[in-house]
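A look at the structure
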Amino acid sequence: MSGKDDDRKPLTKLAQAGRKAEWTGMPGQPGGIVSPPVWRASTILYDDVAHLRRAAGSSTHERLFYGRKGTPTAWSLADALTEMEPGAAGTMLFPSGVAAIACGLMAVLKPGDQLLMTDSAYDPTRNFCEQILKPFGVETVYYDPTVGAGIASLLTERTRAIFLESPGSLTFEVQDVPAIVAVAKEKGIVTLIDNTWATPLFFPALGHGVDISILACTKYIVGHSDVMIGSVTASEAWFPKVRQTAYLFGQMTSPDDAWLTSRGLRTLGVRLKQHQESALAIARWLNEQPDVARVLHPALPDCPGHELWARDFSGSSGLFSFILKGGDETARAALIDGLAHFGIGYSWGGFESLALPVDPARYRSATIWEAEGPAVRLHIGLEDPADLIADLDAGLARFRAARG
């Protein structure tokens, strides 16, 4: 089945998607295996020259042609991700989330174009805009993530694309995606979104009118912190261009990584449910602590953007930030360094909890980030939330002592 006409519930799709009979069974034999196996290949052999010519003269999408075009292992994962996005025509896989973002942007932009980029974007996305797109001849204009329909005032004759990230992965502003999409469609402008935080399970982006949805599958789709992989899922109007761009750049992912990602996808529903419940419990607890000025979690009623989150999203994940009340870098480090159940590291979405010092002001140009104290971003993993709360409680005590 495709992502277009399918009345199955999302959890059923997670269990069944991407398991075509031709990839899980042997011709002439009944039944089959549950999951598509790992097909590793570089060279594909042909019966004769005529066979080779026929293969080269027709579509190579989801057909054995050459290893760079993939094997059933990757096609199965791509099909499964497509099935999670109602209205999607197809998905391409990439060796990382950043590679997926880069290829998604290159598929829609050309020299002389203007890109509108949310000011809350992931730092590597900004770096790509400044270090690759700018010399390439594309102007990036950063906009307030809360602008909503007001984005119409920023459009020019050269505006080709609008990039969203909702919520932002450091400061968690929720964007009014339907309002921005409505403006874009009226003007014939393509919209792209980094949908890694919510995944299609909690926010089917194409179902909300977005043209291209990008995931760092490294995070929640994989779920085990052991694979680098990204994806770009696009509408019928844009998938051919995304696919062509990916092929021209030679972008692909290994069959082993695709297989591991497919395995992670099957448990996405139960994992996200636990991430959500534990993160909300911890966020509510932090919201009551005297040393915490604010908790940036869209599912909390007092968090800016909560109304948009409640309207558009069906759930929340395990990533959020909180702002300390006063203190400095030394006091923040005292909190983080002594944590027993939180690792210190980049990325998120795995089974383990993480704590990271973040400084959003460094990554703003259209808006000004001001806070009552240093910020800490947490990814809440699958540990018992009571242990994590006790760990944070001790960390806040260290913060108070260091703050003086």
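What comes next is a walk through the structure. The structure presented is a predicted model; accordingly, all values stated were derived computationally and were not measured.

Some points on unusual backbone geometry
The phi angle of most residues is negative, glycine excepted, and most peptide bonds adopt the trans form. With an omega of -5°, the peptide bond running from Ser166 to Pro167 counts as cis. Here the phi dihedral of Phe172 falls at roughly 65°; this positive angle occurs in a residue that is not glycine. Tracing the sequence through the fold places Phe172 in the loop between strand E4 (159-165) and helix H7 (177-187). In this structure Phe172 comes out as buried when scored by relative accessible area, which is 1%. Residue Ser347 is not a glycine yet carries a positive backbone phi of 70°. Structurally, the position occupied by Ser347 is in the loop between helix H13 (329-337) and strand E10 (354-358). Accessibility expressed as a relative area gives 30% for Ser347, which makes it partly exposed.

Section: the pairing of strand E11 (residues 375-379)
The side chains of a regular strand alternate between the sheet's two faces. Of all the five residues making up E11, five are buried; the element is thus mostly covered by neighbouring parts of the structure. The two faces of E11 match: Ala375, Arg377 and His379 on one face and Val376 and Leu378 on the other face are all buried. Strand direction decides the pairing type here: E10 and E11, joined by five bridges, are antiparallel. Within E11, the residue paired with Leu356 across the bridge is Arg377.

Thoughts on the packing of helix H5 (residues 97-108) against helix H9 (residues 239-248)
Interaxial distance between H5 and H9 falls to 9 Å at its minimum, and their mutual angle equals 115°. Between H5 and H9 lies a crossing of right-handed hand. For the pair H5 and H9, contact is made by Cys103, Met106 and Ala107 and by Lys241, Val242, Thr245 and Ala246, respectively. Of the residues in the contact of H5 with H9, the class split is five nonpolar, one polar and one charged.

Observations regarding the sheet that holds strand E3 (residues 139-143)
Spatially, the seven strands line up as an open sheet ordered E1-E7-E6-E5-E4-E2-E3, and their pairing is mixed. The open sheet has two edge strands with one neighbour each: strand E1 (88-94) and E3. Strand-to-strand twist of the sheet, defined as the mean angle between neighbouring strand axes without regard to direction, takes the value 20°. Bridge analysis of strand E6 (residues 212-215) against strand E7 (residues 230-235) gives four bridges, and the strand direction is antiparallel. Residue pairing for E7: Leu215 is matched across the bridge by Ser231. Sitting on the sheet, helix H4 (residues 72-83) touches E1, E6 and E7, and the angle it makes with E1 is about 135°. Of the strands in this sheet, E1, E6 and E7 are in contact with H9, which crosses E1 at around 20°.

What counts, and at which threshold
Residues numbered from 1 in each chain as written. Predicted model: local features only at pLDDT ≥ 70, side-chain atom pairs only at ≥ 80, totals over all residues. Heavy atoms only, no water. Helix = DSSP H or I, 4+ residues; strand = E, 2+ residues; numbered from the N terminus. Buried < 20%, exposed > 50% of the residue type's maximum accessible area, 1.4 Å probe, protein only. Pairing = 2+ DSSP bridges. Axes fitted to C-alpha atoms, helices over the stretch in contact; angles between N-to-C directions. Left-handed = near helix turned anticlockwise from the far one by under 90°. Contact = heavy atoms within 4.5 Å. Nonpolar A, V, L, I, M, F, W, Y, C, P; charged D, E, K, R; others polar.

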